[in-house]
Amino acid sequence: MREQLEKIKKEALKQIQSSEALETLNEIRVSYLGKKGELTNLLKSMKDVAPEERPKVGQMVNDARTAIESCLEEAKAVLGRKAREEQLKKEVIDVTLPGKKRKTGHSHPNTIALEEVERIFIGMGYEVVEGPEVEYDHYNFEKLNIPKGHPARDEQDTFYINDRILLRSQTSPVQIRTMEKGKLPIRMIAPGRVFRSDEVDATHSPSFHQIEGLVIDKNITFADLKGTLAEFAKELFGPETKVKFRPHHFPFTEPSAEVDVTCFKCGGRGCRFCKGSGWIEILGCGMVHPHVLEMCGIDPDEYSGFAFGVGLERIALLKYEIDDMRLLYENDIRFLKQF
Ligand code: DAH
C-alpha cells in the first residue's frame, strides 16, 4: 500500500507540473482527490490494513493528499499569473498613437440668423412662442380672415391632410392661438417651419421658415410698427439701413404693407445685389384687422395691434450673401463651415 501511495503521489505531481491550463488542473484534482478519485479509492481499501497499521497508513494518505493539494495550489497560482501577464501584454496601450479628433459641430446659417432675430426682439421685450406645424384650416386661414373660397388661399399652395387639417402654410396661425389665450398685452415672435407645395428652385422650397411678430395693446398705432421695424432693420443690417413701407394687401391686416430695406451692399445706390434698385424687400406687415381681433375675443375699440411676417431663409440668404436657397438644405459641411 505504501508503494501504491507513493506511485499515486508521484504520478499526480508529475501531471500537475506538466499541465498548462487551469482546467487541466481541475481535472487532475477530480481524478485524484474527487469522490471517485484514486486516493479516495485507496482509502476504501483501508479495511484490508491491519488495525495497528491503520493510523500510520491514514497519516500517509493524508500527507499524500496535502502534498497533491499544495502542488495544485502552487500550479494554479503560477498559471494564473501567466494568464494575467499574457492578458496585460495583449491589452497594452500605445500612448504615442495620435488621438481621435472629435469634429465640433457648427450652427446652420438659418440658426445663426434666427438667433440674431430673436436677440433683437427679446431685447425689445418680446416673448418667443411656438405653434404646431400640423394645423387646423381654422387657424391657418379662417380666423386670419381668409374664408373658404378667398383668393388668398390660392397664393399659398397648401398641403392638406384632410379638409380640416393641413401643414401650416404660414406662421400667422400662432397669432390667433396667442390672442385666443386672452392674456393682454401681447408682444411676441413665433419662429417656425412652414410648408407649401412649391417646386424646388433657387428661391423656393416646399418647406421653409418664417418668423411671425405680433403686438397687441391699447393705443398701438402704425407709427409703433414703423419704429419697431426700422429699429429691427438697423440692428440686423447695420445702423445706416433705412426702411420703406409700400402699401400692400394681406387679409388679416388693415392697412398692410411690404417693407424694403436699403441695400446693405451698395447703401442704396443700386448694385447687382439689389438688381439696381437700391432696395431689398424683406417682410410683410400691417395693423391687425379689427375683424381678426373680434374673432379672437379682443375688443377692437379698446385694443389695437400690429403684426409682421419675415422669411427666415430670406434673411439668411441676404445676410450671408448666399445666392441659392438649395444650399441651405443640402447640409454640405464645406458650405456650412463658412458661416
Ligand atoms: N403670413 C404672410 C405670408 O406668409 C406674411 C405676413 C404678412 C405675416 C403680413 C404677417 C403680416 O403677420 O402682418 O405671406
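Model, not experiment: these values are computed from the prediction.

Caption draft 1: Structural detail: the overall build of the chain. Scanning the chain for helices and strands turns up 13 helices and 9 strands. The C-alpha atoms of the chain give 43 Å as radius of gyration, which overshoots the globular expectation for 339 residues (20 Å, by more than 25%). Along the first, second and third principal axes, the C-alpha set of the chain runs to 125 × 45 × 35 Å. With 339 residues in all, the chain has 40% of them scored as buried.

Caption draft 2: Summary view of the side chain of S169. Within the secondary structure, S169 sits in the loop between β3 (165-167) and α8 (173-180). Polar contacts involving the side chain of S169 include one to the side chain of Q156, which spans 2.5 Å. Sequence-distant contacts of S169, that is, excluding residues within four places in its chain, are made with N140, F141, Q156, T158, V194, F195 and R196.

Caption draft 3: How the structure looks around the side chain of S172. For S172, the location among the structural elements is in the loop between β3 and α8. In contact with S172, other than residues within four places in its own chain, are L144, E212 and F252.

Caption draft 4: Seen up close, the site of the ligand. Around the ligand, the structure places 16 residues, and the nearest of them are Q170, Q175, R196, Q210 and E212. A distance of 2.7 Å separates a nitrogen atom of the ligand from a polar atom in the side chain of Q170. One of the side-chain N or O atoms of S172 is found 3.0 Å from a nitrogen atom in the ligand. Contact with the protein chains removes 90% of the 350 Å² of surface that the ligand exposes when unbound. Breaking the shell around the ligand down by element, the ones donating at least two residues are β5 (207-217), β8 (279-288) and β9 (304-311). Looking at the shell around the ligand, its residues break down into 5 nonpolar, 9 polar and 2 charged.

Caption draft 5: Spatial organisation of the UniProt feature "binding site: Mg(2+)" (unreviewed entry) in the chain. Mapped onto this numbering, the UniProt entry annotates "binding site: Mg(2+)" (unreviewed entry) at E254. On the basis of relative accessible area, E254 is assigned to the partly exposed category, the value being 46%.

Caption draft 6: Spotlight on the packing of helix α1 (residues 2-18) against helix α2 (residues 22-33). Between α1 and α2, the shortest axis-to-axis distance is 10 Å and the interhelical angle comes to 170°. With respect to their mutual orientation, α1 and α2 come out roughly antiparallel. Contact with α1, carried on its side by I8, E11, A12, Q15 and I16, involves L25, I28 and Y32 of α2 and no other residues of that element. Here the contact of α1 with α2 is composed, by residue class, of 6 nonpolar, 1 polar and 1 charged.

Caption draft 7: Spotlight on the UniProt feature "domain: Aminoacyl-transfer RNA synthetases class-II family profile" (unreviewed entry) in the chain. Taking the UniProt record as the reference, the feature "domain: Aminoacyl-transfer RNA synthetases class-II family profile" (unreviewed entry) is found at residues 117-330. Each end of residues 117-330 is marked by a C-alpha atom, and these two atoms are 23 Å apart; helix forms 27% of the span and strand 30%.

Caption draft 8: Highlighting the domain arrangement of the chain. When its domains are assigned, the chain resolves into domain 1 (1-91) and domain 2 (109-337). Taken over C-alpha atoms, the centre of domain 1 sits 89 Å from the centre of domain 2.

Caption draft 9: Spotlight on the nonpolar core. Membership of the largest hydrophobic core comes to 34 residues, with the highest contact counts inside it found for L229, F232, I282, L283, C285, F306 and F308. For this core, the secondary structure elements donating two or more residues are α5 (109-123), β5, α9 (222-237), β7 (253-262), β8, β9 and α11 (312-319). The element contributing the most residues to this core is α9, with 6 residues. Setting aside anything within four residues of it in sequence, one finds I282 in contact with F232, F237, V259, D260, V261, V310, G311, R314 and L318. If you look at the next biggest cluster of nonpolar residues, it comprises 23 residues, including I146, A152, A190 and V288.

Caption draft 10: Molecular detail of the pattern of salt bridges. Throughout the structure, instances matching the rule amount to 15 salt bridges. Of the charged contacts, one joins D137 and K148 as a salt bridge, the two residues approaching to 3.9 Å between their closest N and O atoms. Taken together, the positions of D137 in helix α6 (residues 137-140) and K148 in the loop between α6 and α7 (152-155) put the pair 11 residues apart, joining distant regions of the chain. What makes D137 buried here is its relative accessible area of 3%.

Calculation rules
- Residues numbered from 1 in each chain as written.
- Predicted model: local features only at pLDDT ≥ 70, side-chain atom pairs only at ≥ 80, totals over all residues.
- Heavy atoms only, no water.
- Helix = DSSP H or I, 4+ residues; strand = E, 2+ residues; numbered from the N terminus.
- Rg over C-alpha atoms; globule rule 2.2 N^0.38 Å.
- Buried < 20%, exposed > 50% of the residue type's maximum accessible area, 1.4 Å probe, protein only.
- Polar contact = N/O pair within 3.5 Å; in protein donor to acceptor, adjacent residues only side chain to side chain.
- Contact = heavy atoms within 4.5 Å.
- Near = heavy atom within 4 Å.
- Areas by Shrake-Rupley, 256 points an atom, 1.4 Å probe, with all protein chains shown as cover.
- Nonpolar A, V, L, I, M, F, W, Y, C, P; charged D, E, K, R; others polar.
- UniProt positions renumbered as here; feature names shortened; annotations may be inferred.
- Axes fitted to C-alpha atoms, helices over the stretch in contact; angles between N-to-C directions.
- Parallel < 35°, antiparallel > 145°, perpendicular 65-115°, else oblique.
- Domains from an automatic or database assignment.
- Core = buried A, V, L, I, M, F, W, Y, C linked by side-chain atoms within 4.5 Å.
- Salt bridge = Lys/Arg side-chain N within 4 Å of Asp/Glu carboxyl O.

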